[in-house]
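# A look at the structure
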Amino acid sequence: MPRPSVREVIVETAVTEFHRNGFAACSVDTITRAAGVPKGSFYNHFKSKEDLGAEVVSRYAASSGWRDGHGDLGPLDTLRARFTVMRDVLEDNEFTRGCLIGNMGAERADHSAVIRKQVGESLTHWSDSIAESIREAQAAGEVSADRDADLLGRFVLDAWEGAIIRTKVAKSAAPLDDFFAVVFGSLL
């Protein structure tokens, strides 16, 4: 069986290391050692750690499982189920890692144009997906049709990312409970 490319090993390792320790705490040497590849291999595939950071954000966003099916649920219950899956992951990690997209945005947006761009694109794609779910819920009569689905999509994602930060500080699910109560109990 062929070995995965060194590039893939570096990216997958960086996803884990950046998520666990943050971007600034991980050097190229740290990543290549954890990946078990020579440091020179890094520069065969990436111009800089910033370029790797942007790739990590893109990879994380693409592999999130956000669009995975949830059976025969209606649109609003499907949206809730997607957030519930992420909540379970956060709880399983004891509120230590948060969302890598949000983490990278908070840590690097002021310092790296390439990472800021990728984080922005990932957040826009995600909020667009939430807005699409809200429009489906509106068409099904589950959400008031007079509400701006795009605005709601952005707000729901922003509220989610804020709740994640608070869970990391509180080491508690209470901020996520608040998110679910407000978003699914009142807002939508």
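Please refer to the structure placed before this passage.
What this report covers is the structure whose coordinates are included nearby. Everything quoted here is computed from the prediction, not taken from an experiment.

About the cut-offs
- Residues numbered from 1 in each chain as written.
- Predicted model: local features only at pLDDT ≥ 70, side-chain atom pairs only at ≥ 80, totals over all residues.
- Heavy atoms only, no water.
- Helix = DSSP H or I, 4+ residues; strand = E, 2+ residues; numbered from the N terminus.
- Expected span 1.5 Å × (residues − 1).
- Buried < 20%, exposed > 50% of the residue type's maximum accessible area, 1.4 Å probe, protein only.
- Contact = heavy atoms within 4.5 Å.
- Core = buried A, V, L, I, M, F, W, Y, C linked by side-chain atoms within 4.5 Å.
- Polar contact = N/O pair within 3.5 Å; in protein donor to acceptor, adjacent residues only side chain to side chain.
- Salt bridge = Lys/Arg side-chain N within 4 Å of Asp/Glu carboxyl O.
- Phe/Tyr/Trp six-rings, centres within 6.5 Å; stacked < 30°, edge-to-face > 60°.
- Lys NZ or Arg CZ within 6 Å of the ring centre and 35° of its normal.
- Axes fitted to C-alpha atoms, helices over the stretch in contact; angles between N-to-C directions.
- Parallel < 35°, antiparallel > 145°, perpendicular 65-115°, else oblique.
- Left-handed = near helix turned anticlockwise from the far one by under 90°.
- Nonpolar A, V, L, I, M, F, W, Y, C, P; charged D, E, K, R; others polar.

### With respect to helix H5 (residues 75-92)
With 18 residues, H5 extends 26 Å from end C-alpha to end C-alpha; this agrees with the ideal 26 Å at 1.5 Å per step. Buried residues of H5: Pro 75, Leu 76, Thr 78, Leu 79, Ala 81, Arg 82, Phe 83, Met 86, Arg 87 and Leu 90, and no others. Along its buried surface, H5 packs onto helix H7 (113-139), helix H8 (149-170) and helix H9 (174-187). Just downstream of H5 lies Glu 94, where phi reads positive at about 55°.

### Structural notes on the nonpolar core
By size, the foremost hydrophobic cluster in this structure holds 49 residues, and its most contacted members are Phe 18, Leu 52, Phe 83 and Trp 160. Those elements giving two or more residues to this core turn out to be helix H1 (6-21), helix H2 (28-35), helix H4 (49-62), H5, helix H6 (100-108), H7, H8 and H9. With residues up to four places along the chain from it excluded, the contact list for Phe 18 reads Phe 23, Cys 26, Ile 31, Lys 49, Leu 52, Gly 53, Val 56, Leu 100 and Met 104.

### Concerning unusual backbone geometry
For Glu 94, which is not glycine, the phi dihedral falls at a positive 55°. Along the chain, the position of Glu 94 falls in the loop between H5 and H6. A positive phi angle is found at Phe 95, which is not glycine, with a value near 60°. Its location among the elements puts Phe 95 in the loop between H5 and H6.

### A closer look at the side chain of Arg 59
Here Arg 59 lies in helix H4. Accessibility expressed as a relative area gives 19% for Arg 59, which makes it buried. A distance of 3.0 Å separates polar atoms of two side chains, one belonging to Arg 59 and the other to Glu 12. Among residues more than four places away in sequence, those in contact with Arg 59 are Arg 7, Glu 8, Val 11, Glu 12 and Val 15.

### Notes on the pattern of salt bridges
Counted according to the given criterion, the structure contains 11 salt bridges. With a shortest N-O distance of 3.6 Å, Arg 108 and Glu 50 are connected by a salt bridge. A residue pair is termed long-range when its members are at least 10 positions apart, and Arg 108 in helix H6 and Glu 50 in helix H4 qualify at 58 residues. Taking the relative accessible area as the measure of exposure, Arg 108 reaches 13% and is therefore buried.

### Quick notes on the packing of aromatic side chains
Per the stated rule, a full pass over the model turns up 11 aromatic pairs. Between the aromatic rings of Phe 179 and Phe 184, the centroid separation amounts to 6.4 Å while the plane-to-plane angle is 80°, which identifies the pairing as edge-to-face. Here the two residues Phe 179 and Phe 184 agree in accessibility, since each one is buried. Members of the aromatic cluster, joined through ring pairs, are Phe 83, Trp 160, Phe 179, Phe 180 and Phe 184. Of note, Lys 49 hangs over the ring of Phe 23, and the distance from its end group to the ring centre comes to 4.2 Å.

### Some remarks on the packing of H5 against H8
Following both chains from N to C, one finds H5 and H8 inclined at 15°, their axes separated by 12 Å at the closest point. As summarised for this structure, H5 and H8 are arranged roughly parallel, according to the angle between their axes. The element H5 and its partner H8 pack so that their crossing is right-handed. The residues of H8 that touch H5, namely those facing Phe 83, Met 86, Arg 87 and Leu 90, are Val 156, Trp 160 and Ile 164. Here the residues of the contact of H5 with H8 are counted per class, giving 6 nonpolar, no polar and 1 charged.

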